[in-house]
Amino acid sequence: MNCAAGHTEVTVSPGDAVVRRLCVRPGTVVSLVLRPRPDDKRWTAVRSSAPAFVLASGWRADTDGTAHASLRCAGARGGEAEVTASAKAPDVAGAARVAFTLRVSVVPYTTQG
């Protein structure tokens, strides 16, 4: 299985699929870059469905509309998490909606006994 290890970057640009899968090894740090949206919506937040496996931190939104988050994957065990990125227009009331989902699988190295 070809899984990222150490550090990797995932960039989401306008027109990309709204759901993506990523396989990583334990302890991997993923830099998530969300490019500006063409529909005037701004990225508002990133959340993990399972922070024990993938912890989202370091949220930053730039003035040009690009957003960044750091995803720290579990250090010792495997599991799965859905990382969702929300977006909304800045001048519209109501909750932001999920605009991108990254399905992260943390896959431990195999051990031979």
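What comes next is a walk through the structure. The structure presented is a predicted model; accordingly, all values stated were derived computationally and were not measured.

Here the focus is the sheet that holds strand E3 (residues 29-34). An order of E1-E3-E6-E5 is seen for the four strands of this open sheet, with the pairing classed as mixed. What marks the edges here is a single partner per strand, and that holds for strand E1 (7-12) and strand E5 (54-61). With direction set aside, neighbouring strand axes in the sheet form an average angle of 20°. Pairing of E3 with strand E6 (residues 67-73) involves six bridges; the strand directions are antiparallel. Within E6, the position partnered with Val-29 by the bridge is Arg-72.

Attention now goes to unusual backbone geometry. Although it is not a glycine, Asp-40 adopts a positive phi angle of roughly 70°. Inspection of the secondary structure puts Asp-40 in the loop between E3 and strand E4 (42-48).

Before going further, it helps to examine the side chain of Thr-66. Mapped onto the elements of the fold, Thr-66 is located in the loop between E5 and E6. On the basis of relative accessible area, Thr-66 is assigned to the buried category, the value being 4%.

Moving on, we get to the pattern of salt bridges. The final tally for this structure, using the stated rule, is four salt bridges. A salt bridge links Asp-16 to Arg-20, with the shortest nitrogen-to-oxygen separation between them at 3.1 Å. Look at Asp-16 and you get partly exposed, because its relative accessible area is 32%. One salt bridge connects Asp-62 with Arg-60, and the closest N-O pair in it is separated by 3.1 Å. With a relative accessible area of 45%, Arg-60 lands in the partly exposed category.

What counts, and where the lines are drawn
Residues numbered from 1 in each chain as written. Predicted model: local features only at pLDDT ≥ 70, side-chain atom pairs only at ≥ 80, totals over all residues. Heavy atoms only, no water. Pairing = 2+ DSSP bridges. Helix = DSSP H or I, 4+ residues; strand = E, 2+ residues; numbered from the N terminus. Axes fitted to C-alpha atoms, helices over the stretch in contact; angles between N-to-C directions. Buried < 20%, exposed > 50% of the residue type's maximum accessible area, 1.4 Å probe, protein only. Salt bridge = Lys/Arg side-chain N within 4 Å of Asp/Glu carboxyl O.

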